[in-house]
Amino acid sequence: MKTLSAFGPDFPFAYDSWISHPAGLGSLPEASLGAEVAVIGAGAAGIIAAYELMKLGLKPVIYESAQFGGRLRSQVFEGSDGVVAELGGMRFPVSSRAFYHYLDLMGCETAPFPNPLTDAAGSTVIDLEGETHFARSLDDLPQIYREIAQAYTKALEDQSDFKALQEAVRQRDTAAIKALWDPLVAQWDERTFYDFVTHSEAFRALDFRHREMFGQVGFGTGGWDSDFPNSMLEILRVNLLELDDHQRYVVGGVEQLLHRLWRATPECAHWPEGTSLSSLNGGATRSRVTALSRAGKDILLRDQWGNETLYAAVLSTCQTHLLTTAIEVEESLFDQKLWMALDRTRYMQAAKTFVMVDRPFWNDTDATGRPVMSMTLTDRHTRGTYFFDNGPDKPAVICLSYSWMTDALKVLPLPAEKRVDLALKALAKIYPDVDIASHIRGAPICVSWEADENFLGAFKGALPGHYRYNHRIYGHFMQEHMPEAQRGLFLAGDGVSWTPAWVEGAVQTALNAVWGIMTHMGGQTLVTNLGPGDLYPQLGPAKLPDAP
């Protein structure tokens, strides 16, 4: 059986095949070799795009407003020997084949992520309404949990022809994918995830308690009630592409991938052997971008210190709301319909609270032979608690709480120590005999992405009716038919993609932008390795009418 990958479904293009083809991504005319292009943001999209643009023979000049890595942020606990808290992306599904291409290329080691009811977690505790269950697999839980799992599987099949669609994705059958997926776009764009659940025959046969527990515990990695208001298309993609299954983490922290790409010296057109992004940028990124404007055929970029530089092309990978708040962007650079889409992009909140502990004490056993603590899903304040074991005699990490939306907003104004205190009190009700605090070492590490001026939210969560907005933003790299005044400024990032919150979306949109910048600079792909823009006219996303 073929391995499932994040192939489509909106735009079924084989990014992993394109970037691994021995012929390369394409070529540039001699006049464009060595030309400077600006990349705003040193996150996954920015660094990966810059890496590929460098290989093509361009000089990517990278601007970063605050911290290298973006939302691939691996923060080291003070006083430790490289013990990290993954504040952003921390679990990466193996279906993310384009992302794994770069992990493998840079020699990054991965291991199974300790999600609920997985072998990597070892055991799971589910605590709802004061009732606690210990489990190593779904079969260990009460029958109601199996009824919920079966109901959701049936709802997917009944309302989306799920098995056939997933098989088409697995086989990379573009015709079958388009035939099955495109009609679902029109059917489900304006309907919520909750609507999908409650109007399915499978869940209608059950009571409210089943739906409530599904929201609390969900499928795959945990509760999904925070996503109930989202467009069902957003959730279907997650299920279809197994983004919530078979996940791994990067040993030592995922941020190291971007640092390795920054220092890597691949074979490049135009540039001499030993060239890296670091060397092209003088060993450091440039400062925050504050303004973008048109200057003839070029784009004038101004940074926070007033330095102004002309670029033939600019790639923006920051959260789209920053283009209307932090960066003064000349209005004519985008069509008004695109401005509407950028402004209406809706970002979700997320908060994490981490502590470092002396050792993986949760592996100690109690009188019953069970571990004293397990990966925990609960309706309490913490929602999701995860354990990261670095070895029996080494400091370990607990993600005390990972929460979204309303649950994340509850702690938004609170300092780190108060967040830890609330989490410990919640967990004490589940594990009354475990003194977690006695094991904590050093200072906690917390994040609320919505409070960060460089993000204003964790990741996009499209609402019903937002498909058209996403389509406009995603397809913006196709600039051939745009007015000349709107060409040259490109967009990338997971929020530009169809799969927000997943780094694969950042990678794929970065590669779209690479194709767009390459062709904007007069380059082209080879007929033996066509790029995303070459196939976009025939395989691009379904277009919904803007008006009745």
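Whatever comes next refers back to the structure up there.
Since the model is a prediction, treat every value here as computed from it, not as a measurement.

A. Up close: the sheet that holds strand S14 (residues 328-329). Reading across the sheet, the four strands line up as S12-S11-S10-S14 and stay open at both edges, with mixed pairing between neighbours. Two strands bound the open sheet, and with one partner strand each, they are strand S12 (308-311) and S14.

B. Structural view of the pairing of strand S16 (residues 350-357). Buried residues dominate S16, accounting for eight of its eight residues. In S16, alternate side chains face the same way, and those of Ala350, Lys352, Phe354 and Met356 on one face and Ala351, Thr353, Val355 and Val357 on the other are all buried. Two elements, S16 and strand S19 (residues 396-404), share eight bridges in a ladder whose sense is antiparallel. Across the sheet, Met356 pairs through a bridge with Val397, a residue of S19. In terms of strand pairing, S16 meets strand S20 (residues 440-448) through six bridges, oriented antiparallel. The residue bridging Lys352 from the neighbouring strand is Val447, located in S20.

C. Representation of the sheet that holds strand S22 (residues 489-491) within the structure. If you walk across this open sheet you meet the four strands as S2-S1-S13-S22, and the pairing is parallel. Since the sheet does not close on itself, it has two edges, and those belong to strand S2 (59-63) and S22, each with one partner. Within this sheet the neighbouring strands show an average axis-to-axis angle of 25°, counted without direction. By the bridge criterion, three bridges tie strand S1 (residues 36-40) to strand S13 (residues 314-316) in an arrangement that is parallel. Among the inter-strand pairings, Ala38 is bridged to a residue of S13, identified as Val314.

D. Focus on the packing of aromatic side chains. Throughout the structure, instances matching the rule amount to 36 aromatic pairs. Measuring from centroid to centroid gives 5.1 Å for Phe11 and Tyr536, while their planes differ by 70°, and the two rings are edge-to-face. In this pair, Phe11 sits in the segment before helix H1 (15-20) while Tyr536 sits in helix H19 (residues 532-539), placing the two residues 525 residues apart along the sequence. With a centroid separation of 6.0 Å and an interplanar angle of 80°, the aromatic rings of Phe99 and Tyr100 are classed as edge-to-face. Here Phe99 matches Tyr100 in class, with each residue buried. Site record: aromatic cluster; members linked through ring pairs are Phe11, Phe13, Tyr15, Trp18, Tyr467, Tyr474, Phe477, Trp498, Trp515 and Tyr536. Note that Lys352 overlies the ring of Tyr402, its terminal NZ or CZ placed 4.7 Å from the centroid.

E. Representation of the side chain of Arg73. Residue position: Arg73 is located in the loop between S2 and strand S3 (74-76). Here Arg73 is in contact with Gln67, Ala85, Glu86, Leu87, Gly88, Glu255, Trp449, Asp452 and Phe455, once residues within four sequence places are set aside.

F. The packing of helix H6 (residues 174-188) against helix H10 (residues 232-240), seen in detail. H10 packs onto H6 with a crossing angle of 145° between their chain directions and a minimal axis gap of 9 Å. Side by side, H6 and H10 meet where Trp181, Leu184, Val185 and Trp188 of the first sit next to Met232, Leu233, Leu236, Arg237 and Leu240 of the second. Taken together, the residues of the contact of H6 with H10 break down into eight nonpolar, no polar and one charged.

G. Unusual backbone geometry, seen in detail. Of note, the amide linkage connecting Gly8 to Pro9 takes the cis form, showing an omega dihedral of 5°. Considering the arrangement of structural elements, one finds Pro9 in the segment before H1. One non-glycine residue, Leu117, adopts positive backbone phi at about 60°. For Leu117, the position within the fold is in the loop between strand S6 (110-112) and strand S7 (124-128). The backbone of Met405 shows a phi angle near 50°, a positive value even though the residue is not glycine. Note on Met405: relative accessible area 15%, which makes it buried.

H. Local environment of the side chain of Asn529. Here Asn529 shows up in the loop between helix H18 (503-520) and H19. Judged by its relative accessible area of 5%, Asn529 is buried. A polar side-chain atom of Asn529 sits 3.1 Å from the main-chain carbonyl oxygen of Trp18. With sequence-adjacent residues up to four places away left out, Asn529 is seen in contact with Ser17, Trp18, His21, Gly24 and Leu25.

I. Structural view of the pattern of salt bridges. A full pass over the atoms with the stated rule returns 27 salt bridges. Its salt-bridge partner being Glu36, residue Lys59 comes within 3.4 Å of it at the nearest N-O pair. With Lys59 in strand S2 and Glu36 in strand S1, this pair connects stretches of sequence that are 23 residues apart. The exposure class assigned to Glu36 is partly exposed, which follows from its relative accessible area of 28%.

Reading the values: the criteria
Residues numbered from 1 in each chain as written. Predicted model: local features only at pLDDT ≥ 70, side-chain atom pairs only at ≥ 80, totals over all residues. Heavy atoms only, no water. Pairing = 2+ DSSP bridges. Helix = DSSP H or I, 4+ residues; strand = E, 2+ residues; numbered from the N terminus. Buried < 20%, exposed > 50% of the residue type's maximum accessible area, 1.4 Å probe, protein only. Axes fitted to C-alpha atoms, helices over the stretch in contact; angles between N-to-C directions. Phe/Tyr/Trp six-rings, centres within 6.5 Å; stacked < 30°, edge-to-face > 60°. Lys NZ or Arg CZ within 6 Å of the ring centre and 35° of its normal. Contact = heavy atoms within 4.5 Å. Nonpolar A, V, L, I, M, F, W, Y, C, P; charged D, E, K, R; others polar. Polar contact = N/O pair within 3.5 Å; in protein donor to acceptor, adjacent residues only side chain to side chain. Salt bridge = Lys/Arg side-chain N within 4 Å of Asp/Glu carboxyl O.

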